[in-house]
Structures are given as structure tokens and as C-alpha cells.
Amino acid sequence: MSNVKLTSVEKHYGSFHALKDISLEIAPGEFVVMVGPSGCGKSTLLKAIAGLEEVSSGSIEIAGRDVTREEPGERGIAMVFQSYALYPHMTVRGNMGFGLKIMKRPADEIEAAVTRAADILRITEHLDKKPAQLSGGQRQRVAIGRAITRQPHVFLFDEPLSNLDAALRTQMRVEIATLHKQLGTTMIYVTHDQVEAMTMADRIVVLRAGVIEQAGAPLELYRNPVNHFVASFLGAPRMNFAEGRVAALGPGGAVIDIPGMPQLTVTELIPDHGLEAGMPVTFGIRPEHLSLVPGSEMIRLSGTLRLSEELGRENVLYVDAGDLRATGSDTGTDSITLVTGERAPPEGSSFAFGFEPRNAYLFRPDGKTVSAPRSVETPPSSDPEA
Ligand code: ATP
């Protein structure tokens, strides 16, 4: 198991600044998933670690060794790509053993490594086939198998499941997570897929425009995003937002005015919130915190159901609700989303819904999160000695 340490890594493509002062320490055996919008620099960072892109400045350490100026083959990494990158004329066995063959390892060692990897990935019966005779999922297993046989210090995955259909993605997701547990090797994984990031990562790194916005455990990032960008990026469906203004500030918290909504008091402010009366703020609420059965303690809202998606276990409702708006373009509209286990009202009908003020997020004009729901509620113990 090996660490990876990035120190002040910068990458310029001519005048374009693709990676900006990236510093990150990845612990031995850690599974780190990098996410961010298209063009944010995920692949560039992965390629820099692999040695496929030279960095402009900064250093990269793998397994305690500075590899910044080393060739990819010397770094002890194995990379799995979205495109599989298998040799079509070689059998699965040939593809999986190829890395060891060019390292001039003895034939029996190659055979043993291929047999072991094929066994782990359950592709033993395909060893004598050519890639063209395999399904997409099987081909990706071969690509992963080829990486395993090299026994790298670190696995690098660049969107490895993007070419697979939804069912296969889920299966392979579980397989890669299982593989990580089995091998214990450090893994760095780039994806667009929220679910992959949330379910596989020990730690998610959110990038924007070449900068690390936040790195942390998946639920930590989901519950306590440092800013509006991370809040809006993580979560499917995404967080709903509305623009408001601080009406008053006091020891009890911040009173917020949001057009079309009853006044809201946010009590859980961070100590250095920097809010002032009159300051514009952005309010946020996750879709699962909106309820179709608004209790008396809730902030009540009303909206019109545009569309409902019945997913069996839960329903996703797209609701037109005045000044509340969704992030991004999940539906290509400004409808907000509400996730509920309750039955959806008829499409086109108006209905009431609500949320508990303690579940509100609040962001400053500069994007910084100044209030997030308290995630774990531990009831105070009546016996201090307990
Ligand atoms: P995606 O999710 O779309 O793959 P990404 O986050 O992986 O995006 P990168 O491929 O790392 O993004 O690219 C980061 C930025 O660097 C992009 O704006 C891209 O246009 C730019 N870029 C990448 N490679 C080059 C290159 N060889 N020359 C110039 N610019 C480049």
C-alpha cells in the first residue's frame, strides 16, 4: 500500500491554467474519487499522477518517492481508461499479461499473475477469447485485470464505467469496491457519476476550474459542503435554492426574507459567518428535506406539480414553486425537486409542502456556507457519567 502526495502542482497549457496549486495527500490504501464539472481538470490531474502529462511546477510523490520527472512506466501505477484500450489482436490472456511481458518477467510468473487476476474478476473462461468476442463489461474487467497483474502501487481509473449500461455500471461499481477491499491498493478514480463517487470513495475531491474546492468523506461533503458550488454539485437530484436577504441578526440566529416564503430563522450559524443585516444570501434545501405533509413546525410553501417520476421506492416530484429554483438542468426547467415516499399529487395540481428550518442551508454572497443542518443528532445524556 502506497501513499500519493501532490505538492503545489500546477499545469499550464500555453496561456490556459488547467491545474492551480493542487496539494493533496492520499493515504496508503485510500480510495479517492475526483469529481467536478466537465473541463475542471480531473483527467489532467490523473494524467499528471500517471506521468502522461508533465506538470508545469510542483511535485508528485508515490510510495514515498518523488516521481515528478519519471516516465509513466517507472512510477508503479496502472491506469484503467474508459475506452478499455485493449489490443484487439491479442487474447484476453495476452492482454492481461502484456505489461509483465514487456517487463521481461518469466512466463510462469506471468501465467500465475494472469490466473489470479482472472480468478478475482471471474473471467477465467474468457482467457482465450479476443476482446471483440466480449461484452463491454467483460472488456472492462480485462482492462482492470491487466492493471492488477502489474501489482501497481496505485490504480488510476479514468471514468472506467462510462461506456457501460446502467445495470452493468452498478455491478462493476460493486466489483471495483470489492476489489479495493480485497487488494487494499491505493486507488484514484475520476468520474462524472455522483453515485459512483458517493458509494465508492473513502474521500471525494471536488474540483472546479483547476482548484480543489473541498476534499472529504462523501457524507461529510454532502452534509457540510464548504460552499454553494459543492452544495449544488453533490446530490442527485440537486439542492434547491432561492435568493433572499438577511432581515435581522440576533443571538437567536439570522432572520431571512425570501420572496414568496414565510420569514425563516436560521439558528445554526458558523461562528465567523460574517453576515450583516441587509446582506443578500442564498437559501438552500435538499429535495429529501421537502415534505408533502407539512407539520406545524415547518415553513409552508405551495407549488404546482409539473411532473412526477415514480421510482418505486420513492417519487421525484418536479414542482414549480415561485422563487425556489433547482440547480443545473435536471429537467431543463426551473422546477424544484422534491423526493418523497408519499404518493404524488396529480400532475398540474397545486399543493402545500414544507421543510423544517433546521434543514436549511445558507450561503453568503461569496458562496461560503454559513449554515448547514446539524447532521447527527445525539440526544443529550441525562447522566453525565454515562
Ligand atoms: P471532462 O470531465 O470533460 O473529461 P476534465 O475535468 O477531465 O473534463 P480535463 O480533460 O482535465 O478536464 O481538461 C481540463 C482543461 O484543460 C479543459 O479546459 C481542457 O480544454 C484543457 N486541456 C486539456 N488538455 C489540453 C491540451 N492538451 N491543450 C490545451 N488545453 C487542454
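What counts and how
Residue indices begin from 1 for each chain and proceed along its sequence in written order. Where local features are concerned, this predicted model is filtered to residues with pLDDT of at least 70; where side-chain atom pairs are given and counted, the filter is 80 or more; whole-chain, interface and lining totals use all residues. As a rule here, side-chain values cover all heavy atoms of the structure and leave hydrogens and water aside. The secondary structure listing takes helices from DSSP runs of H or I that are at least 4 residues long and strands from runs of E that are at least 2 residues long, numbered from the N terminus. Two residues form a contact once any of their heavy atoms are found within 4.5 Å. Under the convention used here, Asp and Glu are negative, Lys and Arg are positive, and both His and the chain ends fall outside the count. Charged groups are reduced to one reference atom each: NZ for lysine, CZ for arginine, CG for aspartic acid, CD for glutamic acid. Throughout, an axis means a line fitted to C-alpha atoms (over the contacting stretch in the case of helices), and angles, computed between N-to-C directions, take values from 0 to 180 degrees. Small angles under 35 degrees read as roughly parallel and large ones over 145 as roughly antiparallel, with 65 to 115 read as roughly perpendicular and the rest as oblique. Crossing handedness follows the turn of the near helix against the far one: under a right angle anticlockwise gives a left-handed crossing, and clockwise gives a right-handed one. Accessibility here uses a 1.4 Å probe with only protein chains present; expressed as a share of the type maximum, an area under 20% marks a residue as buried, one over 50% as exposed, and anything in between as partly exposed. Two N or O atoms form a polar contact when they lie within 3.5 Å of each other; inside protein one atom must be a possible hydrogen donor and the other a possible acceptor, and for residues adjacent in sequence the pair counts only when both atoms belong to side chains. If DSSP finds at least two bridges between two strands, the strands pair. One heavy atom within 4 Å of a molecule or strand makes the whole residue count as near it. Every accessible area reported is derived by Shrake-Rupley at a probe size of 1.4 Å, with residue values counting cover from the shown protein chains alone. Here the limits of each domain have been adopted from an automatic or database domain assignment. Buried surface area refers to the total accessible area, computed with a probe of radius 1.4 Å, that the two partners give up upon joining, counted for both partners together. By salt bridge we mean one thing: a side-chain nitrogen of Lys or Arg within 4 Å of a carboxyl oxygen of Asp or Glu. Stacked, edge-to-face and tilted labels apply to pairs of Phe, Tyr and Trp rings (six-membered ring for Trp) whose centres lie within 6.5 Å, assigned for plane angles under 30 degrees, over 60, and everything in between, in that order.

1. Side note on the overall build of the protein chain
Helix and strand counts for the protein chain stand at eight helices and 21 strands. Seen through its principal axes, the protein chain has C-alpha atoms that stretch 75 × 55 × 45 Å. Excluding contacts between residues fewer than 6 apart, the proportion of contacts in the protein chain whose partners are at least 24 apart in sequence is 67%. A distance of 6 Å separates the average location of the 38 positive side-chain charges in the protein chain from that of its 47 negative side-chain charges.

2. Focus: the packing of helix 3 (residues 107-121) against helix 4 (residues 136-149)
Helix 4 packs onto helix 3 with a crossing angle of 135 degrees between their chain directions and a minimal axis gap of 9 Å. Relative to helix 4, helix 3 is oriented oblique. Judged by the sense of rotation from one axis to the other, the crossing of helix 3 with helix 4 is right-handed. Contacts between helix 3 and helix 4 pair Ala113, Val114, Arg116, Ala117 and Leu121 from the former with Arg141, Ile144, Gly145, Ile148 and Thr149 from the latter.

3. Regarding the environment of Asn315
As for its position among the elements, Asn315 is in strand 16 (residues 315-320). Exposure remark for Asn315: the relative accessible area of 9% places this residue in the buried category. Through-space distance from the C-alpha of Asn315 to that of Gly341 is 6.1 Å; in sequence the pair is 26 residues apart. Beyond its immediate stretch of four places on either side in the chain, Asn315 contacts Glu309, Glu310, Leu338, Val339, Thr340, Glu342, Arg343 and Ala344. In this structure the side chain of Asn315 is engaged in a polar contact, spanning 2.9 Å, whose partner is the backbone oxygen of Glu342.

4. Things to note about the pairing of strand 18 (residues 336-340)
Put simply, side chains in a regular strand alternate between the two faces of the sheet. Of all the five residues making up strand 18, five are buried; the element is thus mostly covered by neighbouring parts of the structure. What you see with strand 18 is no split at all: Ile336, Leu338 and Thr340 on one side and Thr337 and Val339 on the other are buried throughout. Of the pairings in the sheet, the one linking strand 16 to strand 18 comprises five bridges and is antiparallel in character. Pairing of Asn315 across the sheet is with Thr340, part of strand 18.

5. Looking at the site of the ligand
What surrounds the ligand is the set Tyr13, Phe16, Ala18, Pro37, Ser38, Gly39, Cys40, Gly41, Lys42, Ser43, Thr44 and His192. In this structure, an oxygen atom belonging to the ligand sits 2.5 Å away from a side-chain N or O atom of Ser38. Contact distances for the ligand include 2.8 Å between an oxygen atom and a side-chain N or O atom of Lys42. For the ligand, whose unbound accessible area comes to 630 Å², protein coverage reaches 60%. Sort the elements by how many residues they give to the shell around the ligand and helix 1 (residues 42-50) lands first, with three residues.

6. Re the domain arrangement of the protein chain
Taken as a whole, the protein chain is organised into domain 1 (4-229) and domain 2 (236-371). When each unit is reduced to the centre of its C-alpha atoms, the spacing between domain 1 and domain 2 is 37 Å. Listed as interface residues are seven residues of domain 1 and, on the opposing side, eleven residues of domain 2. In total, domain 1 and domain 2 occlude about 770 Å² of area from one another, counting both sides; carbon and sulfur atoms represent 49% of this. For the domain 1 face of the interface with domain 2, the top three residues by lost area are Tyr222, Pro225 and His228, together amounting to 67%. Joining domain 1 to domain 2, the criterion identifies zero salt bridges. Across the domain 1-domain 2 interface, the total number found is eight residue pairs in polar contact (both at pLDDT 80 or more).

7. Things to note about the packing of aromatic side chains
Per the counting criterion, the structure on display carries nine aromatic pairs. Taking the centre distance of 5.4 Å and the plane angle of 40 degrees together, the rings of Phe157 and Tyr189 count as tilted. On the criterion of sequence distance, the pair formed by Phe157 in strand 7 (residues 154-158) and Tyr189 in strand 8 (residues 186-190) is long-range, its members being 32 residues apart. A single burial state applies to Phe157 and to Tyr189, both of which are buried. Both rings, one in Tyr361 and one in Phe363, keep their centres 6.2 Å apart while their planes meet at 0 degrees; by these two values the pair is stacked. This pair shows no difference in class: Tyr361 is buried, exactly as Phe363 is. An aromatic cluster of three or more residues is present, and its members are Phe31, Phe155, Phe157 and Tyr189.

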